[in-house]
Amino acid sequence: MPELEIMPVADTIIFKPKFIERYSKLTNWEEFKKYNLAFLPRSIRVNTLKTNVAEVKKSIEAKGWKLEKIPWCKTGFWISHPERRDAGNLLEHKLGYVYIQEAASMIPPLFLDAKPGELVLDMCAAPGSKTTQIAAMMQGKGLLLANDYRGQRIQSLGINLQRMGVINCIVTLMNGEKISGLQCDKILVDAPCSGTGTIRKSLKTIKIWNPKMLKKISNQQKKLLLNAWKNLKPGGVIVYSTCSLEPEENESVISWLLSEVEGVSVEEVKLPGLKVAPAVMEFEGEKYDSEVAKTCRIWPQDNNTEGFFVAKLRKEKYN
């Protein structure tokens, strides 16, 4: 795991009192603060649709870059250089041999575990980091539907799909709540969220954070997840994820779905080398379904990554 590198501006960053109060209830505040005020280690994922890990590792290291294996992702590496930070200028990146992707962002597709020949929906796909990871796992076989709701976001998604050589993908532009008529094997709902897990990448998140916005966001997330459930075939899998650490956007949403529909099975998933924190089972007077304990909460201080929440849900088959 890369060493922690504190930002030079760390002493000038001010957190809102309500934010401190809330997160002091959820985790070790001092550790959480320390990691959020440290640089986020850069990481890449090798695109096996175009190349293989050994060749890319050899070519990048020959240029003076250091690659350190991300334990939970066979194709993922932390990348560093003694003098440079511009991994995006690597020829391997421009050719689509690698995707610059945060290490925790690689986790939801691994939980989804898409297979060649399946029908897979990425409901909130742009800009395409997880979409292209799913495509690589499908090996160009089957059908991948990549949807997003805003034209500007679709543009970046399309560019990344082309750069990575994805050939079995259809891109759609619509509100995820309106998708209908599908019987998908697997669906990823990487839902729009408050982004409180991404402070290390954007300190702006601290300034715009407002607890009053959580109810609105949570309602949207519930609608997306419920509609994904309607488009999932029996025996199929949904992975719900956010880069938020707010219980209202995570455990609460899963608990709500469990109360709304029948046949939901929450599956516990473990990845090698990934440290996972216990789920929040009760927060500010709201108790969550006991099955929520099987979900995956990742704090920045756990693995020196962004913060993330991931849940794997299966639709039970009926005779």
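Residues numbered from 1 in each chain as written. Predicted model: local features only at pLDDT ≥ 70, side-chain atom pairs only at ≥ 80, totals over all residues. Heavy atoms only, no water.

**Some details on the environment of M281**
- Along the chain, M281 falls in the loop between β10 (264–267) and β11 (282–283).
- For M281 and V53, which are 228 residues apart along the polypeptide, the C-alpha to C-alpha distance reads 40 Å.
- Aside from chain neighbours lying at most four places away, what touches M281 is E286, K287, Y288, D289, S290, V292 and A293. (Helix = DSSP H or I, 4+ residues; strand = E, 2+ residues; numbered from the N terminus. Contact = heavy atoms within 4.5 Å.)

**A short note on the side chain of S129**
- Structurally, the position occupied by S129 is in helix α6 (residues 129–138).
- In this structure S129 comes out as buried when scored by relative accessible area, which is 13%.
- With sequence-adjacent residues up to four places away left out, S129 is seen in contact with R45, Y99, Q101 and S105. (Buried < 20%, exposed > 50% of the residue type's maximum accessible area, 1.4 Å probe, protein only.)

**Concerning the nonpolar core**
- V189, I238 and I254 are the most contacted members of the largest nonpolar core, which has 45 residues in total.
- Listing elements by their share of this core, those giving two or more residues are α1 (17–26), α2 (29–36), β8 (184–190), α9 (214–230), β9 (232–242), α10 (251–260), β10 and β14 (308–315).
- The residues contacting I238, other than those within four sequence positions of it, are I187, V189, L225, A228, W229, L232, A311, K312 and L313.
- In this structure, I70, A104, M164 and L274 belong to the second largest nonpolar core, which totals 34 residues. (Core = buried A, V, L, I, M, F, W, Y, C linked by side-chain atoms within 4.5 Å.)

**Topic: the pairing of β10**
- Taking every second residue as pointing to the same face, the buried face of β10 carries V264 and V266, while none of S265 and E267 on the other face is buried.
- Bridge count between β10 and β14: 4 bridges; the pairing is antiparallel. By the bridge assignment, E267 is partnered in β14 with K312. (Pairing = 2+ DSSP bridges.)

**Some details on the environment of E284**
- Inspection of the secondary structure assignment puts E284 in the loop between β11 and β12 (286–287).
- Placed 152 residues apart in sequence, E284 and T132 show a C-alpha to C-alpha distance of 38 Å.
- Beyond its immediate chain neighbours, meaning those up to four positions away, E284 contacts R22, K25 and E248.

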